[in-house]
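One-letter residues, chain by chain:
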Amino acid sequence: FQSFWSTLAVMNTLINHGYRTIVRCCRRQIIRNLRWTSCNNVNFIMLHIHMILTLGLQVESITPAIVVDRNKLDANISRMQALANRHGVDLHPHVKTHKSIEIAKRQITCGAKGLTVATVEEALIFAKATELQDASNEALSITVSRPIVSVWKLKRLFEAARSGVYFRIVVDSFEGYDALLSAANMSKIEGVALFVKINVGLNRCGYSQGDMDLKRLVNRIEDEGVFHLMGMLSHAGHSYACSNATEAEAIAQQELQIMTQIKDDLGMPDLIISVGATPTLLTQKDFYGIQEIRPGNYVFLDLLPVNMGVAPFDDVALSVLATIISENEHYFIVDAGSKVLSSDKGAHGTDSGQQGYGVAFPAGSLGNAGMIVERLSEEHGFLRKCTNTKLPLSMLGIGIGKQVQIIPNHSCPVANLGNEYLVTDGHYDKVVDVW
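To keep things clear, this report deals only with the structure shown in the data block. (Residues numbered from 1 in each chain as written. Predicted model: local features only at pLDDT ≥ 70, side-chain atom pairs only at ≥ 80, totals over all residues. Heavy atoms only, no water.)

Some remarks on the sheet that holds strand β4 (residues 140–144)
Judged by pairing direction, the sheet is parallel, and its 8 strands sit side by side in the order β2-β9-β8-β7-β6-β5-β4-β3 without closing on themselves. Both edges of this open sheet fall to β2 (90–91) and β3 (115–117), since each of them pairs with a single strand only. Pairing geometry for strand β5 (residues 165–171) and strand β6 (residues 193–198), over 4 bridges, is parallel. Looking at the pairing, Val171 lines up with Val196 of β6. On the sheet, helix α6 (residues 120–128) packs against β3, β4 and β5 and is oriented at approximately 170° with respect to β4. Packed onto the sheet, helix α10 (residues 212–224) meets β5, β6 and β7 (228–234) and runs at close to 175° relative to β6. (Pairing = 2+ DSSP bridges. Helix = DSSP H or I, 4+ residues; strand = E, 2+ residues; numbered from the N terminus. Contact = heavy atoms within 4.5 Å. Axes fitted to C-alpha atoms, helices over the stretch in contact; angles between N-to-C directions.)

Some thoughts on the pattern of salt bridges
Any two side chains of opposite charge can pair, on the condition that their charged atoms come close. Inspection of every chain in the model, using the stated rule, returns 16 salt bridges. One salt bridge connects Asp74 with Arg106, and the closest N-O pair in it is separated by 2.8 Å. Here the residue Asp74 occupies a position in helix α4 (residues 70–87), and Arg106 occupies one in helix α5 (residues 101–110), the gap between them amounting to 32 residues. Residue Asp74 is classed as partly exposed on the basis of its relative accessible area, which comes to 25%. The partner of Arg156 in a salt bridge is Glu121, with the nearest N and O atoms 2.5 Å apart. On the criterion of sequence distance, the pair formed by Arg156 in helix α8 (residues 151–160) and Glu121 in helix α6 is long-range, its members being 35 residues apart. (Salt bridge = Lys/Arg side-chain N within 4 Å of Asp/Glu carboxyl O. Buried < 20%, exposed > 50% of the residue type's maximum accessible area, 1.4 Å probe, protein only.)

Focus on the packing of α6 against α8
For the pair α6 and α8, the least separation of the axes is 10 Å and the interaxial angle reads 15°. If you check the angle between α6 and α8, you find them roughly parallel. As α6 packs across α8, the resulting crossing turns out to be left-handed. When α6 is examined against α8, the residues Val120, Glu121, Ala123 and Leu124 are found in contact with a partner set consisting of Lys153, Arg156, Leu157 and Ala160. When grouped by side-chain class, the residues that make up the contact of α6 with α8 number 5 nonpolar, no polar and 3 charged. (Parallel < 35°, antiparallel > 145°, perpendicular 65-115°, else oblique. Left-handed = near helix turned anticlockwise from the far one by under 90°. Nonpolar A, V, L, I, M, F, W, Y, C, P; charged D, E, K, R; others polar.)

That's the geometry; what it means functionally is another story.
Below, the structure is given as structure tokens:
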């Protein structure tokens, strides 16, 4: 900022561009860099600063937006870490749920032993975040839980490994293992930690119990000695289709039985058993034989675990803020559609018995007068004009121009569709940070 006029132009641009730019630029740059000693019209500039700061603290006119309640988020992080500590298992949370360096840092600071990701790109981004290494008391472990069969992708991973960060790779085929060998040879690297993926019922990736190729692959890994076979990894994602906590607990027990039996059959008692799905871990009673857990959804939660009965509604930390822009006889129409809420009715393509695509509440009144998000267009959501209260909707502050908070069916794809989180400390209309 070289002069009064350039400063004023920047301020007006910020105001015209709205909230996101204001939060990121105004408070961190304008206040830090402005020097007014030679400016005669201080009052005029101060008026603009007041406008900017006021806009920077409100959430009006910025919908749709993804809002995260920091208090609930931190409580969820602490609760899962306490569960891990209580049962003597290491927590390696799946950060594909939030894709946030700040949230990952909070998880590590709370006691997580490492991170889990789905893609190579995620792994590389989190590996570059030096603040995560600073938060960890030991080398940062990043597990890529989806099998990788591309030599080029594996080579990128191996070349990104450095002091303070190491990757753990999942394999479930000879083709994948051959790609690992090629990439390791090209990168001149040995000793990378491997996990063999086990299918425990989701029928997505992994060897099923009794598959002879599992034993053959394990023998080959051990005989060739290029990699360190660390353990077996599973994901009971089919638990998201459960209708109650009892069903989820049964899947957790079945998963543990399968994993321990395979470990016994292989005759390798030192292999780590790594499991991970929020519904099963929130209902699991027996952790004997498990060394590591990798839940992801627990940081935010959503309607899936709530309707299943494994988590209370009040623990849900993520919502979508939307504005009612129109109405008709049947619906209120909001400015949040499938491009924000996603069309997901359940994880892994399961319907999970959801009635719609989320539940909407008057902003600031979560849990009261919920309306089903019955239909979605790309940029519009249809809220059925029916609530769980007998009060007229007008008395609840619901109408055109009013805001609602939508609890989604599945928070993971919603987080992926957004560019940032508006972080609050319990008051939806007071943003304390942007992540």
